[in-house]
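Each chain is listed here by its residues.
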Amino acid sequence: MEIMAFIAGAGATNIDLLYEDMPKIPDAGEEIYTDKFSLQLGGGLPATLINCSRLGIETRIATELGEDMFSAFASEQYKANHVEPLNIYNGKEIPLNITSAIILENDRSFITYGKGSIEPSDGAKERFYSMASGAKICLMQPGGFIDVYKKLKSEGTLMVLDMGWDEDMSIEKYSDLLETADIYTPNRKEALRITGADDEQNAAYALKKYFDKVIVKVDKDGCIGIDGENSFFVKSIEEFKNKDSTGAGDAFLAGLCYGLFYDYPLKDCIEFGNITGGKAVTAVGALSAYVNEKELLKLKEEKY
């Protein structure tokens, strides 16, 4: 089967209502004003795919969109970033996750409406498979698409898994996803929890039992990588000053996927990820700050 030149994924659409420069979180009965507000697409798999599109790669997403104003806004944002969404929702409710984020000087607080992830029908799974079949890379998440992921993997698609924090995460709980994935991208906290290791280096080597190529993101410091028998650490770029870490992991994943898409060695892929992830934290919002392909390649040459 001929592999086509695109990246695919299925995931819930997230909308962020961002209230910036808040002096505090209002108590019950209080009202606080700010003159800095924005409505944006939030983080998660859609943000990764949009950032991949900004790097010049064709991307396809299966998601749930309704007839509400937030879904209309999301559709416009997808199309503005050259990502054509496949809508797999047939209901009458608002199917998105909508987060109000109160951004303080040194912290953030959130209120979210939604159910988190997509619970797909059989028809939605079939439509996602038809859209994703032939992809070079498919992004994976926990949820109801595991049978589609397995089928895509059997056809030669590279499967890349990124999961959020789960208090009960373990190798056993996520065995289906881990066995299907070719690449897994946990942060330090996730790697420690899922492996039960006592530090990030031991967690990386514990994951080596399951993956030939291992990645563990070590927060703002950088990223551990193991490629076959070669282990290394890729430092973050210091010039990127953190203003808002929302979407940093999603942006890292986009840079990583850029390298994987063009068959770079793992160390180079992580360097790309450090650049895209580092740039993302320099502005408020998951998709506000980013690099295009030309800027990415120039920064990699200069910084690594």
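Residues numbered from 1 in each chain as written. Predicted model: local features only at pLDDT ≥ 70, side-chain atom pairs only at ≥ 80, totals over all residues. Heavy atoms only, no water.

**Describing the packing of helix H6 (residues 188–195) against helix H7 (residues 200–207)**
Move 1: At a minimum axis distance of 9 Å, the contact between H6 and H7 shows a crossing angle of 60°. Between H6 and H7, the angle falls in the class oblique. When you trace H6 past H7, the crossing you get is left-handed. Across the interface between the two elements, Arg188, Ala191, Leu192 and Thr195 of H6 pack against Glu200, Ala203, Ala206 and Leu207 of H7.
Move 2: Class assignment of the residues belonging to the contact of H6 with H7 gives a composition of five nonpolar, one polar and two charged. (Axes fitted to C-alpha atoms, helices over the stretch in contact; angles between N-to-C directions. Helix = DSSP H or I, 4+ residues; strand = E, 2+ residues; numbered from the N terminus. Parallel < 35°, antiparallel > 145°, perpendicular 65-115°, else oblique. Left-handed = near helix turned anticlockwise from the far one by under 90°. Contact = heavy atoms within 4.5 Å. Nonpolar A, V, L, I, M, F, W, Y, C, P; charged D, E, K, R; others polar.)

**Brief notes about the pattern of salt bridges**
Move 1: Counted under the stated rule, the structure contains 22 salt bridges.
Move 2: The closest approach of N and O atoms between Asp162 and Lys217, which form a salt bridge, is 3.8 Å. Here Asp162, found in the loop between strand E9 (158–161) and helix H5 (175–180), pairs with Lys217, found in strand E11 (residues 213–218); they are 55 residues apart in sequence, far enough to count as distant. Accessibility classification places Asp162 together with Lys217 in one group, the buried group.
Move 3: Salt bridges sharing common partners tie together Lys267, Asp268, Glu271 and Lys300. (Salt bridge = Lys/Arg side-chain N within 4 Å of Asp/Glu carboxyl O. Buried < 20%, exposed > 50% of the residue type's maximum accessible area, 1.4 Å probe, protein only.)

**Examining the environment of Ile118**
Move 1: The topology assignment puts Ile118 in the loop between strand E7 (108–113) and helix H3 (122–132).
Move 2: For the pair Ile118 and Ser71, spaced 47 residues apart in sequence, the C-alpha to C-alpha distance is 15 Å.
Move 3: Non-local contacts of Ile118, meaning those with residues more than four positions away in its chain, are made with Gly11, Ala12, Ala62, Thr63, Glu64, Ile88, Gly144 and Phe145.

**As for a nonpolar patch on the surface**
Move 1: Taken together, the side chains of Tyr262, Tyr264 and Leu297 present a nonpolar region at the surface, about 250 Å² in accessible area.
Move 2: Counting through the fold element by element, Tyr264 comes out in the loop between helix H8 (248–261) and helix H9 (266–280).
Move 3: Residue classification places Tyr264 among the partly exposed residues on the basis of a relative accessible area of 32%. (Patch = residues over 30% accessible without salt bridge, like charges linked within 9 Å, V, L, I, M, F, W, Y side chains within 5 Å. Areas by Shrake-Rupley, 256 points an atom, 1.4 Å probe, with all protein chains shown as cover.)

**Section: the sheet that holds strand E3 (residues 37–41)**
Move 1: The sheet built from four strands is open, its strands ordered E3-E2-E6-E7 with mixed pairing. The open sheet has two free edges, formed respectively by E3 and E7, since each of these has just one partner strand. The sheet shows a mean angle of 20° between the axes of neighbouring strands, direction not considered.
Move 2: Judged from the five bridges that link them, strand E2 (residues 14–19) and E3 form a sheet pairing that is antiparallel. From the neighbouring strand, Asp16 faces E3, where its bridge partner is Gln40. (Pairing = 2+ DSSP bridges.)

**Structural notes on the packing of aromatic side chains**
Move 1: Counting across every chain of the model gives eight aromatic pairs.
Move 2: Judged by centre distance (5.1 Å) and plane angle (75°), the rings of Phe128 and Phe145 are edge-to-face. Of the two residues, Phe128 is situated in helix H3 and Phe145 in the loop between strand E8 (137–140) and helix H4 (146–154); the sequence distance between them amounts to 17 residues. As far as the burial class goes, Phe128 and Phe145 line up, both buried.
Move 3: On the basis of an interplanar angle of 85° and a centroid distance of 5.0 Å, the ring pair of Phe261 and Tyr262 is categorised as edge-to-face.
Move 4: Residue class for Tyr262 comes out partly exposed when judged on its relative accessible area of 39%.
Move 5: Aromatic rings pair up to connect Tyr258, Phe261, Tyr262, Tyr264 and Phe272 into one cluster. (Phe/Tyr/Trp six-rings, centres within 6.5 Å; stacked < 30°, edge-to-face > 60°.)

**Quick look at H7**
Helical periodicity: at 3.6 residues per turn, an α-helix aligns residues three or four positions apart in one direction.
Move 1: Taken together, the buried positions of H7 are occupied by Glu200, Ala203, Ala204 and Leu207. Down the axis of H7, the buried set is contained in an arc of 100°. They therefore lie on one face.
Move 2: Structurally, the start of H7 carries an N-cap: the backbone nitrogen of Gln201 is 3.0 Å from a side-chain oxygen of Asp199. (Arc of directions from axis to C-beta. Polar contact = N/O pair within 3.5 Å; in protein donor to acceptor, adjacent residues only side chain to side chain.)

**As for the pairing of E8**
Move 1: Residue alternation in E8 divides its side chains into two sets, Ile137 and Leu139 and Cys138 and Met140, and both sets are buried.
Move 2: As defined by bridge partners, E8 adjoins E9 across four bridges and the pair is classed as parallel. For Leu139, the partnering residue across the bridge sits in E9 and is Val160.

**Considering the packing of H9 against helix H10 (residues 293–303)**
Move 1: Contact pair H9 / H10: the axes reach a minimum separation of 10 Å and the direction vectors enclose 115°. When the axes of H9 and H10 are compared, the pair comes out roughly perpendicular. Between H9 and H10 lies a crossing of right-handed hand. Residues Asp268, Glu271, Phe272, Ile275 and Thr276 of H9 form the contact with H10, whose participating residues are Leu296, Leu297, Leu299 and Lys300.
Move 2: Taken together, the residues of the contact of H9 with H10 break down into five nonpolar, one polar and three charged.

**Some details on the nonpolar core**
Move 1: Core analysis: the biggest nonpolar cluster contains 48 residues, and Ile7, Ile15, Ile137, Leu139, Ile215, Leu256 and Ile270 have the highest contact counts within it.
Move 2: Going through the elements one at a time, E2, helix H1 (45–54), helix H2 (69–80), E8, strand E13 (230–235), H8, H9 and H10 are the ones with two or more residues in this core.
Move 3: If one sorts the elements of this core by residue count, H8 sits on top with eight residues. (Core = buried A, V, L, I, M, F, W, Y, C linked by side-chain atoms within 4.5 Å.)

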